[in-house]
Amino acid sequence: METLKIAIAKGRLAKYSIELLEEIGIDCQVLKEDSRKLVFTLPQHHIEVILLKAVDVPTYVEHGVVDMGIVGKDVLMEQERQLYEVVDLKFGVCKFSVAGRPNGTNGKKHLRVATKYPNVTKKYFAQKGQSVEVIRQEGSVELAPLMGLSDVIVDIVETGKTLKENGLVVLEDIANISARLVLNKVSYKTKKKEITTIIDLIAEKVS
Ligand code: PRP
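Treat the numbers as computed from the prediction; the structure is a model and nothing was measured.

What follows covers the site of the ligand. In the neighbourhood of the ligand, the contacting residues comprise Arg 12, Lys 116, Ser 140, Glu 142, Asp 155, Ile 156, Val 157, Glu 158, Thr 159, Gly 160, Lys 161 and Thr 162. Here an oxygen atom of the ligand sits 2.4 Å away from a polar atom, N or O, in the side chain of Lys 116. Between the ligand and the protein, one listed contact pairs an oxygen atom with a side-chain N or O atom of Thr 162 at 2.4 Å. Summarising the interface, the protein chains cover 68% of the accessible area of the ligand, which totals 500 Å² for the free molecule.

Before going further, it helps to spend a moment on the environment of Val 49. Tracing the backbone shows Val 49 in strand 3 (residues 47-52). Placed 45 residues apart in sequence, Val 49 and Leu 4 show a C-alpha to C-alpha distance of 8.5 Å. Those residues in contact with Val 49 that lie beyond four places of it in its chain are Ile 6, Ile 8, Leu 21, Leu 31, Leu 38, Val 39, Phe 40 and Leu 42.

Bringing the sheet that holds strand 8 (residues 131-136) into the picture now. Strand order in the open sheet formed by five strands is 8-7-9-6-10, and the pairing between neighbours is mixed. Only two strands of the sheet have a single partner each, and these edge strands are strand 8 and strand 10 (169-177). Put simply, the sheet's adjacent strands are angled 25° from each other on average, direction ignored. Note that strand 7 (residues 110-115) and strand 8 share six bridges and pair parallel. Residue pairing in the sheet places Val 113 in a bridge with Val 134 of strand 8.

Our next topic: the domain arrangement of the chain. One frequent convention defines the size of an interface as the accessible area lost when the parts assemble. Domain assignment breaks the chain into domain 1 (4-92 + 178-206) and domain 2 (94-176). When each unit is reduced to the centre of its C-alpha atoms, the spacing between domain 1 and domain 2 is 29 Å. Facing the nine residues of domain 1 at the interface are 11 residues of domain 2. In this structure, the connection of domain 1 to domain 2 is made through two salt bridges. Where Arg 12 meets Glu 158, a salt bridge forms, and the shortest distance between an N and an O atom there is 2.3 Å. Where domain 1 touches domain 2, the interface holds six residue pairs in polar contact (both at pLDDT 80 or more). No other element matches helix 4 (residues 73-79), which puts four residues into the side of domain 1 that touches domain 2.

Bringing helix 1 (residues 14-23) into the picture now. Turning to helix 1, its buried residues are Ala 14, Ser 17, Ile 18, Leu 20 and Leu 21. The buried residues of helix 1 occupy an angular sector of 155° when the element is viewed end-on, so they sit on one face. Each element contacted by the buried residues of helix 1 is listed here: strand 1 (4-9), helix 2 (29-32), strand 3, strand 4 (68-72) and helix 9 (192-206). Looking one or two residues beyond helix 1, the residue adopting positive phi is Gly 25, at roughly 95°.

For the rest of this paragraph, the subject is the layout of surface pockets. The calculated volume of the largest pocket comes to roughly 810 Å³. Taken together, 32 residues make up the lining of the largest pocket; nearest its centre are Arg 12, Asp 74, Lys 116, Tyr 117 and Ile 156. If you list the elements that add at least two residues to the lining of the largest pocket, you get helix 4, strand 9 (152-157) and helix 7 (161-165). Class assignment for the residues of the lining of the largest pocket results in 12 nonpolar, eight polar and 12 charged.

All right, on to the packing of aromatic side chains then. Here a ring pair, both rings aromatic, is described through the centre-centre distance and the interplanar angle of the planes. Enumeration over the complete set of coordinates arrives at four aromatic pairs. Here the aromatic rings of Tyr 84 and Tyr 188 are separated by 5.8 Å at their centres, their planes lie at 75°, and the arrangement is edge-to-face. Remark: Tyr 188 occurs in helix 8 (residues 185-190) and Tyr 84 occurs in strand 5 (residues 84-88); sequence separation between them is 104 residues. Owing to a relative accessible area of 28%, Tyr 188 belongs among the partly exposed residues under this scheme.

Before going further, it helps to examine the sheet that holds strand 4. Hydrogen bonds along the backbone pair up the strands of a sheet, which may run parallel or antiparallel. Spatial ordering of the open sheet is given by 2-3-1-4-11-5, a layout of six strands whose pairing is mixed. At either end of the open sheet lies a strand with only one pairing partner, and these are strand 2 (39-42) and strand 5. The mean inter-strand angle of the sheet, taken between neighbouring strand axes irrespective of direction, is 25°. Strand direction decides the pairing type here: strand 5 and strand 11 (residues 179-183), joined by four bridges, are antiparallel. Residue pairing across strands places Val 87 opposite Leu 181, the latter belonging to strand 11. Each of strand 1, strand 3 and strand 4 is contacted by helix 1, which is oriented at about 145° to strand 1, the strand it contacts most.

Parameters at a glance
- Residues numbered from 1 in each chain as written.
- Predicted model: local features only at pLDDT ≥ 70, side-chain atom pairs only at ≥ 80, totals over all residues.
- Heavy atoms only, no water.
- Near = heavy atom within 4 Å.
- Polar contact = N/O pair within 3.5 Å; in protein donor to acceptor, adjacent residues only side chain to side chain.
- Areas by Shrake-Rupley, 256 points an atom, 1.4 Å probe, with all protein chains shown as cover.
- Helix = DSSP H or I, 4+ residues; strand = E, 2+ residues; numbered from the N terminus.
- Contact = heavy atoms within 4.5 Å.
- Pairing = 2+ DSSP bridges.
- Axes fitted to C-alpha atoms, helices over the stretch in contact; angles between N-to-C directions.
- Domains from an automatic or database assignment.
- Salt bridge = Lys/Arg side-chain N within 4 Å of Asp/Glu carboxyl O.
- Buried < 20%, exposed > 50% of the residue type's maximum accessible area, 1.4 Å probe, protein only.
- Arc of directions from axis to C-beta.
- 1 Å grid on protein atoms, 1.4 Å probe; cavity = no way out; pocket = protein on both sides within 12 Å on 5 of 7 lines; lining within 4 Å.
- Points joined across faces, edges and corners; volume = space filled by probe spheres on them.
- Nonpolar A, V, L, I, M, F, W, Y, C, P; charged D, E, K, R; others polar.
- Phe/Tyr/Trp six-rings, centres within 6.5 Å; stacked < 30°, edge-to-face > 60°.

Next up, the structure:
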């Protein structure tokens, strides 16, 4: 039996991803131990799990370094990689939203938009025919409208707590987001049996 390599996004999705693997019978105890390890071999299941920053998961899957991955739809929408998106895992549920000060954009014709998601942002405003300057940020995007760097932000909103605590509100919703199971296109052919077994178990669990 071939070893299946699975990439999991660190951060907000990791706990749920590990829980899901356990629910389909994969013992992930080693993954729950407090360590800085990034590669975990689960020989009894012929599985290797690697922990990556969410933005790096699609790269590893597309290049076939891993066979499958669990990552947010936000990252997939931003990167538009060559891979198969096969199951909506229904956790990590949030939204892509435009947010800003409660008085909105005051009808401005040209908006400055701060975001960690420049491609999603450009696409969204282009579809609306709205002219924007996209200002790329790496984090704490909420600061940008507060400090006058931008008029609005495009970001993921889960509970809305971060916006609220910074005096911002959702102005428009762009898309619903959740975690997805993704596959390398070649692995799907070469390890079809192993991959199909896992997909079926996961799909049944989340249905
Ligand atoms: C995300 C996002 C918001 C926050 C929204 O950041 O960029 O800041 O979560 O969540 P809430 O609606 O529940 O408050 P994340 O925690 O992923 O950290 P980052 O800014 O470092 O990317």
